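These are the residues of each chain, in order.
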Amino acid sequence: MSSHMMSSRGLPEFELLIPQTSPEAMDMLAQHRERLSVLSGGTALWNYVRGRNRVTPYVLSLSALKGLNYINEIPGEGLRIGAKATVAQLIENPAVSAKYAALHESGYWFGNPTVRNMATVMGNVLRASPSADCSCALLALGCQVILQSKSGQRAVDIDDFWLSYDVTARKPDELAVEIRVPEPKATTRSAFQRLTRVRQDLAKLNVAVRLEMDRGVCQQARIAIGCVGPTTMRAEKTEALLQGKAINDGLLEQAAASVRGEISPIDDQRSTAVYRQQVAGVIVKRTIARAAAAKGASQ
Amino acid sequence: MKTKLIKLCVNGRDYSVEVPHNRTLLQALRDDLKLTDTKYGCGSGECGGCTVLINGKDNINSCLTLAAEMEGKHITTVGGLTKNGQLHPIQQAFVELGAIQCGFCTPGMVMKTASLLAHNPNPSEDEIRRGLEGNICRCTGYENIIRAVQKASQMINASATQCAGGTCS
């Protein structure tokens, strides 16, 4: 019957599963595998589904699962972000703003307040989009994604998590339950910056940097850059260039030139390859400079 | 299409409604409960027309939320702010300061303001601008909306002060 006058755009048909416990969720994942999508905040999933007008036959909602919306700081280990923790929770968390600057900044600039209330940090990682802001910061800081299935639990390093655009190392029967970010040292500094046309746009370019600084000298660097390839990527040659050197204007210019040689951006509706190639150097330079000048985390 | 019977509370009133699994909260409000004050704009979380409050103060996009996940939840729409025919201070301020032109964005804008002021009763102009991001108005140019939020903040705080002083019922 089509008597119902719909006043807004709907979603294609699927069967919604709402497990009450994690074991029940694992059973459903094991049973339906690729025929199932996992739903938490919905901001990524429903845009993805509406964009393609296609959805898996089953959607598994995490809404009834208890105890997954935490952000905990464990002294000596680091940050534990539960699968249902939102971006709004991330930026309100005092430990994140004090010690994980790049991650805090990525959440601060993420989407808009309503989307931040709904979107989860884990969802941002699972979406495997190269424009994802929290994902960019997490790649620079380094982290592990904890995946759980009926047969047990495993940890996948973020460097091995995104296989290509929209493809992750999560197996179809696994539930991503937690992100673990290592605790920063007294020498650790980090920063994040992105470029958009208006504030709530997806990034046309984003950069996150983590530096180990000792009296103005960079002992080690991790540089993550998004929107310049199929996944958010590390600029490893530029990281190597910084190692063991004092951060000064000359080195920053070399870093800008280096990163331009490491990326292969494309034209799309948000920017052009030529612009991204040019501006990536500038943003990387500024983000390194800002991280180097930042205060260390108070332990 | 499978359906689910849910119980939820909208604007202080309890409803039982049987919804198809793919029904959004916005569709349930507008098409099932006939509460058409909440608007559909973009369907992607960018325009804010469908903004409602969940459990009293957190704003969400009802177009990106499944109705079937709303079991036991309390939802507030702009219609729920008006009590006994009296406009809420936010609504009154929007009217007085010309923060409404065509009016399509207004229900979402008012609910976003309600959420902002619930979390931050005295926002600075910068905090108002950041707090209203995600709600698009194509008429006003936002200036009168900013002024209205400032006025609403003053009105609410003044009435709270009066209450604290025992001058209101």
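Not measured: the values here are computed from a predicted model.

**Student:** Before we go on, may I ask you to explain the overall build of chain B in this structure?
**Tutor:** Of regular secondary structure, chain B possesses 5 helices and 5 strands. Going residue by residue from the N terminus, the α and β elements of chain B occur as β-β-α-β-β-β-α-α-α-α. Compactness check: chain B gives a C-alpha radius of gyration of 16 Å against a globular reference of 15 Å for 169 residues, within 12% of the reference. If you line up chain B on its principal axes, its C-alpha atoms span 50 × 40 × 25 Å. The buried share of chain B, taken over its 169 residues, is 47%. Intrachain contacts of chain B at a sequence separation of at least 6 include 60% that bridge at least 24 residues.

**Student:** What am I meant to see in the overall build of chain A here?
**Tutor:** Summing up its helical and strand segments, chain A has 11 helices and 15 strands in all. On C-alpha atoms alone, chain A measures out to a radius of gyration of 20 Å, which is about the 19 Å that the 2.2 N^0.38 rule sets for 299 residues. C-alpha atoms of chain A, sized along the principal axes, occupy 70 × 45 × 30 Å. In chain A, the proportion of contacts linking residues at least 24 apart, taken out of those at least 6 apart, comes to 66%.

**Student:** Can you help me understand the interface of chain B and chain A in this one?
**Tutor:** By a frequent convention, interface size equals the accessible area lost on bringing the separate parts together. Contacts between the two partners involve 29 residues from chain B, matched on the other side by 27 residues from chain A. Taken together, the elements giving at least two residues each to the side of chain B that touches chain A come down to α1 (25–32) and β4 (58–61) of chain B. For the side of chain B that touches chain A, a count of residues per class yields 8 nonpolar, 14 polar and 7 charged.

**Student:** Help me understand helix α2 (residues 45–52) of chain A, please; the structure alone is not making it clear to me.
**Tutor:** Because each turn of an α-helix spans 3.6 residues, side chains separated by three or four positions in sequence point in the same direction. Residue and element names in this part refer to chain A. Inspection of α2 places L45, W46 and V49 among the buried residues, and these make up the whole buried set. On an axial view of α2, the arc spanned by its buried residues comes to 90°, and they lie on one face. Contact partners of the buried residues in α2: β2 (36–39). N53 sits one or two positions beyond α2 and adopts a positive phi of about 50°.

**Student:** What is the right way to read the sheet that holds β2 of chain A from this model?
**Tutor:** Each strand in a sheet pairs with another by means of backbone hydrogen bonds, the pair being arranged parallel or else antiparallel. All names here are of chain A. With parallel pairing, the 3 strands of this open sheet are ordered in space as β1-β3-β2. The sheet is open, and its two edges are formed by β1 (15–17) and β2, each paired on a single side. Here the average twist between neighbouring strands, direction ignored, is 25°. Sheet topology places β2 next to strand β3 (residues 58–61); 4 bridges connect them, and they run parallel. From the neighbouring strand, L39 faces β3, where its bridge partner is S61. Helix α1 (residues 22–32) contacts β1, β2 and β3 of the sheet and is inclined by roughly 160° relative to β3.

**Student:** When you look at the domain arrangement of chain A in this model, what are you seeing that I'm missing?
**Tutor:** Taken domain by domain, chain A holds domain 1 (15–61), domain 2 (71–182) and domain 3 (188–293). On a C-alpha basis, the centres of domain 1 of chain A and domain 3 of chain A stand 35 Å from each other.

**Student:** So what exactly am I meant to see when it comes to unusual backbone geometry here?
**Tutor:** For residues that are not glycine, phi is negative in most cases, and the peptide bond is trans in most cases. All names here are of chain B. With a phi close to 50°, N55 is a non-glycine residue in the positive phi region. Within the element layout of this structure, N55 appears in the loop between β3 (51–54) and β4. Assessed through the 12 C-beta atoms surrounding it within 10 Å, N55 is described here as exposed. With phi around 75°, Y142 is a residue other than glycine that occupies positive phi space. Among the structural elements, Y142 can be located in the loop between α4 (125–131) and α5 (143–164).

Parameters at a glance
- Residues numbered from 1 in each chain as written.
- Chains lettered and ligands numbered in written order.
- Predicted model: local features only at pLDDT ≥ 70, side-chain atom pairs only at ≥ 80, totals over all residues.
- Helix = DSSP H or I, 4+ residues; strand = E, 2+ residues; numbered from the N terminus.
- Rg over C-alpha atoms; globule rule 2.2 N^0.38 Å.
- Buried ≥ 20, exposed ≤ 12 C-beta atoms within 10 Å, placed from the backbone.
- Contact = placed C-beta atoms within 7 Å.
- Nonpolar A, V, L, I, M, F, W, Y, C, P; charged D, E, K, R; others polar.
- Arc of directions from axis to C-beta.
- Pairing = 2+ DSSP bridges.
- Axes fitted to C-alpha atoms, helices over the stretch in contact; angles between N-to-C directions.
- Domains from an automatic or database assignment.

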